[in-house]
Amino acid sequence: MRFAVLGSGSGGNAAVVDTGKTRVLVDAGLSARQILRRLEMMGISPASLDGILLTHEHGDHVRGLRVLMKSLAVPIYATPMTREVVREQVGAASWKIFESGAGFSLDGLTIESFAVPHDAVEPVGFVFRSEERSFGLVSDSGHVTSRVTDALRGVEALFVEANYDDGLLEADTRRPWSTKQRIASRHGHLSNAQAAALVAELAPDGLRRVVLGHLSRDCNTAEVALAAVRGAVPEVACASQDEPCGWHEGPAAPCDLAFGTDELFG
């Protein structure tokens, strides 16, 4: 099993998980054109996707979904409340509904969901398992609950939000106080320090590789985020808003990778 982040940030989020037999897109917050282009860059034919999983309904996670579904005949997996919000935007689509906290399987790929605290109707994170490989994904979470930690315990690789640096957010002059409060609230976003604490908690149970995502352009940098987490696990990277990163061959710089790009479960 391997994964790649097609793009991550306030401008749009999408990732792909691939077992060789099963391929799923997680969120579709980039434009449909960008999602299709970046899948091709990763060597993934869009027609080979087996489904699209949604973490929640915010625009930076579903923005490209309506146009994307015009060219893809795949089911959309979502919680009941997320489906209720999104389905009018999408139009005709095949929906597969799962309850938050429930798991399901797709041709050898086991997917476990868990609730996360965020200002959305029913946001979730995921753990993906195939054979002996495991990958956790948690984005847009205001804080780390014991449920989140327990769900992720034992994963080998992790994508986790590291949205802001506390000092940079406090010093930011572009955002009003109310926006800063929302970002740093218990239903907002994870800071570098919170992401680092989660990684440190999971490291003793086998976590080896971490990709940090959803970095704020104004209140964070890859260097600052990496410095907060590096040392807790052997391999850490920052995903990019503008370029995909993961198992593809090519320059590491666009993804600020601290490990090889051949495969994230090497």
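Structure: above.
Cut-off values and rules
- Residues numbered from 1 in each chain as written.
- Predicted model: local features only at pLDDT ≥ 70, side-chain atom pairs only at ≥ 80, totals over all residues.
- Heavy atoms only, no water.
- Salt bridge = Lys/Arg side-chain N within 4 Å of Asp/Glu carboxyl O.
- Buried < 20%, exposed > 50% of the residue type's maximum accessible area, 1.4 Å probe, protein only.
- Axes fitted to C-alpha atoms, helices over the stretch in contact; angles between N-to-C directions.
- Helix = DSSP H or I, 4+ residues; strand = E, 2+ residues; numbered from the N terminus.
- Left-handed = near helix turned anticlockwise from the far one by under 90°.
- Contact = heavy atoms within 4.5 Å.
- 1 Å grid on protein atoms, 1.4 Å probe; cavity = no way out; pocket = protein on both sides within 12 Å on 5 of 7 lines; lining within 4 Å.
- Points joined across faces, edges and corners; volume = space filled by probe spheres on them.
- Nonpolar A, V, L, I, M, F, W, Y, C, P; charged D, E, K, R; others polar.
- Pairing = 2+ DSSP bridges.

Visitor: Explain the pattern of salt bridges to me, and be specific about the residues and the numbers.
Guide: Oppositely charged side chains are able to pair whenever their charged atoms sit close together. What the rule picks out here adds up to 16 salt bridges. One salt bridge in this structure joins arginine 153 and aspartate 150, with 3.9 Å as the shortest N-O distance. For arginine 153, a relative accessible area of 31% gives the class partly exposed. Here the residues in one salt-bridge network are Asp150, Arg153, Glu201 and Asp205, joined through shared partners.

Visitor: Tell me what's going on with the packing of helix 8 (residues 192–202) against helix 9 (residues 222–229), and back it up with residues and numbers.
Guide: Interhelical geometry of helix 8 versus helix 9 gives an angle of 35 degrees and a closest axis separation of 8 Å. When the axes of helix 8 and helix 9 are compared, the crossing they make is right-handed. Judged by residue contacts, Asn192, Ala196 and Val199 of helix 8 engage Val224, Ala225, Ala228 and Val229 from helix 9.

Visitor: Which residues make up empty space enclosed by the protein, and what values do they have?
Guide: The method is simple in principle: a probe with the dimensions of a water molecule rolls over the atoms, and the space it marks as empty is what remains. Taken as a whole, this structure holds 1 cavity of 30 Å³ or more when the rule is applied. Roughly 90 Å³ of internal volume is contained in the largest cavity. Lining of the largest cavity is provided by 13 residues; of these, Asn13, Ala14, Asp27, Leu137 and Phe159 occupy positions nearest its centre. Within the residue set of the lining of the largest cavity, elements represented by two or more residues are strand 1 (2–7) and strand 2 (14–18). Each residue belonging to the lining of the largest cavity can be placed in one class, and the counts come to 6 nonpolar, 6 polar and 1 charged.

Visitor: Hey, could you go over unusual backbone geometry for me, with residue numbers and the actual values?
Guide: Of note, the phi angle at aspartate 140 is positive, near 55 degrees, even though the residue is not glycine. Within the fold, aspartate 140 resides in the loop between strand 10 (133–138) and helix 5 (146–152).

Visitor: For the side chain of histidine 61, give the residues involved together with the corresponding values.
Guide: Turning to its location among the elements, histidine 61 is positioned in helix 2 (residues 59–62). Residues within four places of histidine 61 in sequence aside, it is in contact with Asn13, Asp27, Ala28, Gly29, Leu54, Thr55, His56, Ser139, Asp140 and His214.

Visitor: Can you tell me about the sheet that holds strand 3 (residues 23–26), naming the residues and giving the values?
Guide: Spatial ordering of the open sheet is given by 1-2-3-4-5-6, a layout of 6 strands whose pairing is mixed. Across the chains shown, the open sheet's two edge strands, defined by having one partner strand only, are strand 1 and strand 6 (95–97). Between one strand axis and the next, the sheet turns by 25 degrees as a mean value, whatever way the strands run. Each of strand 5 (76–78) and strand 6 is contacted by helix 4 (residues 80–90), which is oriented at about 170 degrees to strand 6, the strand it contacts most.

Visitor: Got a sec to walk through the sheet that holds strand 12 (residues 209–213)? Specific residues and values, please.
Guide: Pairing is mixed in the open sheet, where 7 strands are placed in the order 7-8-9-10-11-12-13. Since the sheet does not close on itself, it has two edges, and those belong to strand 7 (103–106) and strand 13 (235–238), each with one partner. Averaged over all pairs of adjacent strands, the angle between strand axes in this sheet comes to 15 degrees, irrespective of strand direction. Running over the sheet, helix 8 touches strand 10, strand 11 (157–161) and strand 12 and is turned about 160 degrees from strand 11. Those strands touched by helix 9 are strand 12 and strand 13, and its axis lies near 155 degrees from that of strand 13.

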